[in-house]
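The residues making up each chain are set out below.
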Amino acid sequence: MKRIAFVRLRYLPPSETFIYGELKRIRTVKPIVFARKRMNLKRFPYKPIRRLPRRPAEIARAFRRRRIRLIHARFGNAGVSLLPVKKRLGIPMLTSFHGFDLPAKRDPRNGYHRRLPELFRSGEKFTVPSRHMKRKLIRWGCPRRKIKIMYSGIDLERFAYVEREPKTEGATIIGVGRLHKKKGFRYLLKAFRIVRLAHPTARLVIVGDGEERHALKKLIRKWELKEHVKLLGHVPHPRLTELLRRADVFCLPSLTTKDGNQEGIPNALKEAMATGLPVVSTKHGGIPELVEDGMEGLLVPEKNAKRLARALQTLIENPALREELGKRGRTKVEQRFDASKQVKRLECIYSRLLRKGR
């Protein structure tokens, strides 16, 4: 079986379950993971994982020893750093962009930004997780013919559809994601503060961890929401699926940060929709490719807590609408975001590049 170097500089942050899901499902080639930093190995067990040397000559020797025929660089920074290795070995390279690695603003002083055009010239193929990201890549100078949209898929068996009680009292809103500014959880807290005026028995659960945790805790104290909002941090997958099953509405109010950081299509939204949860989100990044406003959920402008609160109240007060949106959401995820189908598409890309590399 042909071997490929599956390069993630850090294997593997907790938020990148989708990468682990791909690795486990690949069957037609043998991925060997190379990483500079290894983390969360109990959560993401995989063999083999090899240390990625720092010098291109050492990396090239390591790849030769293991008869690597193709490089798959996860994130643009890995692709840029592996360009000299690709050229030394004369093998094809696929680079997968995911979001933060394609900034909206160019900085000519930034070495990574300066080397992206070289990556686009030399790399054989590039994947992006949304049409929105494809447009960004083209604006950066990547040839359209080299770009393939590869939606990251989810495990439909793990996130099974659930029939929910049609209640209006005691409704639970859940948000899941890394506690980063671009997830917009500050606006969710602000919106929930408004929602509670009309629905005092409503609850909010936020799952995830990150640099925004302290700021969110301060807002919870300031607005006296401690009895009604739970910050759960990271939770194991079985616990996450149980939390999604018990919730009534999912909310992720993503936004573009000052440095231009944007979402692709958040997997957390797909997982919630797979369980039949209606979603409230924003007209941001690739999200409208997943959620059509009024069909699978409700979309509002970024950074608008009042509109966000209005959408949440609409769903809390209309159980029939929640059920209707939730069923449509499950259908859409089944059709377009099934992990097994997406990995087969990835394997087709590998196959074509390997033939070209020969």
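Before reading on, note that the structure itself is shown above.
Residues numbered from 1 in each chain as written. Predicted model: local features only at pLDDT ≥ 70, side-chain atom pairs only at ≥ 80, totals over all residues. Heavy atoms only, no water.

1. Here we look at the layout of surface pockets
Reasoning step 1: When its volume is computed, the largest pocket comes out at roughly 1100 Å³.
Reasoning step 2: As for the largest pocket, its lining consists of 42 residues, of which Ser15, Glu16, Phe18, Arg178 and Lys183 are closest to the centre.
Reasoning step 3: Sorting elements by how many residues they give to the lining of the largest pocket places helix H9 (residues 267-274) first, with three residues.
Reasoning step 4: For the lining of the largest pocket, the class distribution of residues is 15 nonpolar, 15 polar and twelve charged.
Reasoning step 5: The volume enclosed by the second largest pocket comes to roughly 320 Å³.
Reasoning step 6: Contributing to the lining of the second largest pocket are 23 residues, with Thr17, Phe18, Gly21, Arg25 and Arg158 lying nearest its centre. (1 Å grid on protein atoms, 1.4 Å probe; cavity = no way out; pocket = protein on both sides within 12 Å on 5 of 7 lines; lining within 4 Å. Points joined across faces, edges and corners; volume = space filled by probe spheres on them. Helix = DSSP H or I, 4+ residues; strand = E, 2+ residues; numbered from the N terminus. Nonpolar A, V, L, I, M, F, W, Y, C, P; charged D, E, K, R; others polar.)

2. Looking at helix H2 (residues 56-65)
Reasoning step 1: Buried within H2 are the following residues: Ala57, Ile59, Ala60, Ala62 and Phe63.
Reasoning step 2: On its buried side, H2 packs onto strand E1 (3-7), strand E3 (30-35), strand E6 (68-74) and helix H3 (76-89). (Buried < 20%, exposed > 50% of the residue type's maximum accessible area, 1.4 Å probe, protein only. Contact = heavy atoms within 4.5 Å.)

3. A word on H3
Reasoning step 1: An ideal rise of 1.5 Å per residue puts 20 Å on 14 residues; H3 measures up with 19 Å between its terminal C-alpha atoms.
Reasoning step 2: Those residues of H3 lying buried are Gly76, Ala78, Gly79, Val80, Leu82, Leu83, Val85, Lys86 and Leu89.
Reasoning step 3: Looking at the buried positions of H3, the neighbouring elements they touch are E1, H2, E6, strand E7 (93-96) and helix H4 (111-122). (Expected span 1.5 Å × (residues − 1).)

4. Thoughts on the packing of H2 against H3
Reasoning step 1: Close contact between H2 and H3 brings their axes to 9 Å; oriented N to C, the two are set at 50 degrees. Classified by the angle their axes make, H2 and H3 are oblique. Judged by the sense of rotation from one axis to the other, the crossing of H2 with H3 is right-handed. Of the residues in H3, those in contact with Pro56, Ala57, Ile59, Ala60, Phe63 and Arg64 of H2 are Leu82, Pro84, Val85, Arg88 and Leu89.
Reasoning step 2: Tallied by class, the residues present in the contact of H2 with H3 amount to nine nonpolar, no polar and two charged. (Axes fitted to C-alpha atoms, helices over the stretch in contact; angles between N-to-C directions. Parallel < 35°, antiparallel > 145°, perpendicular 65-115°, else oblique. Left-handed = near helix turned anticlockwise from the far one by under 90°.)

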